[in-house]
Amino acid sequence: MEYRKTYKLFVLWIIGFLLIVFAIALQDWNNDLLARTIYLCGALGVVGLSLMIYRTGYVYWINGISYEEALEAGEERRKQYAWNYVSIFSKFALVYLLYAMSACFFHWSIWIDTPIFLIGIIISAVWTSKYKL
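Residues numbered from 1 in each chain as written. Predicted model: local features only at pLDDT ≥ 70, side-chain atom pairs only at ≥ 80, totals over all residues. Heavy atoms only, no water.

A.B. asks: I'd like a rundown of the overall build of the chain, residues and numbers included.
C.D. replies: Counting secondary structure elements, the chain contains five helices and zero strands. Each helix and strand of the chain, placed in order from N terminus to C terminus, yields the pattern α-α-α-α-α. For the chain, the C-alpha atoms occupy an extent of roughly 50 × 30 × 20 Å along the three principal directions. Of all intrachain contacts in the chain linking residues separated by at least 6 positions in sequence, the fraction that spans at least 24 positions is 72%. Roughly 8600 Å² of accessible area belongs to the chain as shown, and the carbon and sulfur atoms make up 68% of that amount. (Helix = DSSP H or I, 4+ residues; strand = E, 2+ residues; numbered from the N terminus. Contact = heavy atoms within 4.5 Å. Areas by Shrake-Rupley, 256 points an atom, 1.4 Å probe, with all protein chains shown as cover.)

What follows is the structure, encoded as structure tokens:
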């Protein structure tokens, strides 16, 4: 497969992600379940995007990587770099899923969810910065 610069799949992912979140937001669920589902969708969406980057090798979609750098790195290095993102964001999504299930079961306040989600996703994103292409 020829490595080329394209953002078509990325744009399709954004549109699909927004449609899924919008469809979830329209559900007639209680606010706690709705918010937790949307946050989980966000966590899984980042995992899905990371997997798409891994499968395609389009690591230049990640901030700080140019197409030229990605091309020069070669397929194996691009795959390893993208896999690091998949691994980190998958762990975060799993941790958030376990938290959300516990929060629903124990009826924890929804006010805890936003900081937990935001801090978790920020820590995950910062953690990926240690990897270099």
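This is not the end of the story, as more comes after the structure.
A.B. asks: If you had to explain helix H2 (residues 31-56) to someone new, which residues and values would you point to?
C.D. replies: In this model H2 runs 37 Å from its N-terminal to its C-terminal C-alpha over 26 residues, within 8% of the 38 Å that 1.5 Å per residue would give. N-capping of H2 is provided by Asn30, with a side-chain oxygen placed 3.0 Å from the backbone N of Asp32. (Expected span 1.5 Å × (residues − 1). Polar contact = N/O pair within 3.5 Å; in protein donor to acceptor, adjacent residues only side chain to side chain.)

A.B. asks: Break down the packing of H2 against helix H4 (residues 75-106) for me, with residues and values.
C.D. replies: Put simply, H2 and H4 touch, their axes get as near as 8 Å, and they point 165 degrees apart. Judged by the angle between their axes, H2 and H4 are roughly antiparallel. For the element pair H2 and H4, the recorded crossing hand is left-handed. (Axes fitted to C-alpha atoms, helices over the stretch in contact; angles between N-to-C directions. Parallel < 35°, antiparallel > 145°, perpendicular 65-115°, else oblique. Left-handed = near helix turned anticlockwise from the far one by under 90°.)

A.B. asks: Tell me about the packing of aromatic side chains, and please be specific about residues and values.
C.D. replies: Working definition: an aromatic ring pair is given by the centre-to-centre distance plus the angle between the planes. Applying the stated criterion across every chain, the model contains 22 aromatic pairs. Geometrically, the ring pair formed by Trp13 and Phe17 is stacked, given 5.2 Å between the ring centres and 10 degrees between the ring planes. Taken together, the residues Trp13 and Phe17, both in helix H1 (residues 8-25) and four residues apart, mark about one turn of the helix. The class of Phe17 is partly exposed, set by a relative accessible area of 22%. Ring centres of Tyr81 and Tyr85 lie 5.3 Å apart, and the angle between their planes is 55 degrees; on these two criteria the pair is classed as tilted. Here Tyr81 and its partner Tyr85 are both found in helix H4, four residues apart, which amounts to about one turn of the helix. As far as the burial class goes, Tyr81 and Tyr85 line up, both buried. Taken together through their ring pairs, the aromatic side chains of Tyr3, Tyr7, Phe10, Trp13, Phe17, Tyr58, Tyr60, Trp61 and Tyr67 make up a single cluster. Over the aromatic face of Tyr3 sits the side chain of Arg78, whose NZ or CZ is 3.6 Å from the ring centroid. (Phe/Tyr/Trp six-rings, centres within 6.5 Å; stacked < 30°, edge-to-face > 60°. Buried < 20%, exposed > 50% of the residue type's maximum accessible area, 1.4 Å probe, protein only. Lys NZ or Arg CZ within 6 Å of the ring centre and 35° of its normal.)

Function-wise, these values are silent; they only describe arrangement.
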